[in-house]
Amino acid sequence: MNKKELWLRLKNYHFNHIIPPNLWEKINETFGGTDASTKAFADKICRKHNWTISFAVKAVSEYKKFIYLGVIGDFHVTPSKYIDVVWHEHILFTNAYNNFCKEIIEYQFDHYPELINVEEETEIYNAQYIKTIELYISEFGKLPPADVWNITKYDKEKVAEDFTNLQKKNNTANLYYCNNTYGNDFALYESFDAAALSQGQFAEFGGGDAGGGGASGSWSDVSSEGTGDGDSGDGGSGCSSGCGGGD
């Protein structure tokens, strides 16, 4: 599987694994469309964390990009606090998340939270976060959206001088398939022509960069009381002691 194939799998992944068979009819009735289960997942997040519909949709979309970076990168990636919230919510569906790793990305993408707040570990996560942003720009050929990515608990002024600890260890046990490797000789966006990029190849599902599906607030039982776009409420607060990242 190459970078383009991995991205298309992620882009076309609708979180179907999280839906119990007895709820499919209700989910389709409530949300509709081919991405009904993704909308249901975003709806759960927006209700739980007091986010708006549009922001939850956008964060879920950016989470897919984070997963992509975590698989193809040669270092441990670190999410923004909002993407970390989405990651936590996905992991809570334990069996579904395991199936996602095995069937969609063919990689065991584990979460390594910060155990205690010590300066050395924080510096490493700072460095990983900045390298994650740099890899995002390199692979997608665009800046990450500031509302989802730029608000972080990490201090960007404190960057580890020694990047040795950032590198992934050569541990094939972490791979479902040991030959699942990705070269860094080309960027993902170079795999798509100008027309595909102009049509939003890396945009949110169901819409463009500004909001994506559901941004109008038309889902019948989606929380309308969410007051923020991620800047208010408790968005991103699900990581009390810190989330370092994953590989």
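Residues numbered from 1 in each chain as written. Predicted model: local features only at pLDDT ≥ 70, side-chain atom pairs only at ≥ 80, totals over all residues. Heavy atoms only, no water.

(A) Quick peek at the overall build of the chain. Within the chain one finds nine helices and two strands. Listed by position from the N terminus, the elements making up the chain come as α-α-α-α-α-α-β-α-α-α-β. Looking at the chain as a whole, 51% of its 247 residues qualify as buried. The contacts in the chain between residues at least 6 apart in sequence include a share of 78% that link residues at least 24 apart. Accessible surface, the chain as shown: approximately 11500 Å² in total, 50% of it carbon and sulfur. (Helix = DSSP H or I, 4+ residues; strand = E, 2+ residues; numbered from the N terminus. Buried < 20%, exposed > 50% of the residue type's maximum accessible area, 1.4 Å probe, protein only. Contact = heavy atoms within 4.5 Å. Areas by Shrake-Rupley, 256 points an atom, 1.4 Å probe, with all protein chains shown as cover.)

(B) Highlighting the packing of helix H5 (residues 81-92) against helix H6 (residues 94-105). Relative orientation of the contacting elements H5 and H6 amounts to 105°, with a least axis distance of 5 Å. It follows that H5 is roughly perpendicular to H6 by the angle criterion. For the pair H5 and H6, contact is made by Trp-87, His-90, Ile-91 and Leu-92 and by Thr-94, Tyr-97 and Phe-100, respectively. For the contact of H5 with H6, a count of residues per class yields five nonpolar, two polar and no charged. (Axes fitted to C-alpha atoms, helices over the stretch in contact; angles between N-to-C directions. Parallel < 35°, antiparallel > 145°, perpendicular 65-115°, else oblique. Nonpolar A, V, L, I, M, F, W, Y, C, P; charged D, E, K, R; others polar.)

(C) Focus on the nonpolar core. Within the largest apolar cluster, 55 residues are counted, with the highest numbers of intra-cluster contacts made by Trp-51, Ile-105 and Phe-109. Listing elements by their share of this core, those giving two or more residues are helix H1 (3-11), helix H2 (24-31), helix H3 (36-49), helix H4 (53-72), H5, H6, helix H7 (119-140) and helix H8 (146-149). If one sorts the elements of this core by residue count, H4 sits on top with 13 residues. (Core = buried A, V, L, I, M, F, W, Y, C linked by side-chain atoms within 4.5 Å.)

(D) Looking closely at unusual backbone geometry. The phi dihedral of Phe-15 falls on the positive side, at around 60°, and the residue is not glycine. Examined against the element boundaries, Phe-15 turns out to sit in the loop between H1 and H2. Here Asn-50, not a glycine, exhibits a phi torsion of approximately 60°, which is positive. With relative accessibility at 24%, the residue Asn-50 sits in the partly exposed group.

(E) Geometry of the packing of aromatic side chains. In total, this model carries 19 aromatic pairs according to the counting rule given. Centre to centre, the rings of Trp-7 and Tyr-68 are 6.2 Å apart; their planes meet at 85°, and the pair counts as edge-to-face. Here Trp-7 is found in helix H1, whereas its partner Tyr-68 is found in helix H4, with 61 residues between them in sequence. This pair shows no difference in class: Trp-7 is buried, exactly as Tyr-68 is. (Phe/Tyr/Trp six-rings, centres within 6.5 Å; stacked < 30°, edge-to-face > 60°.)

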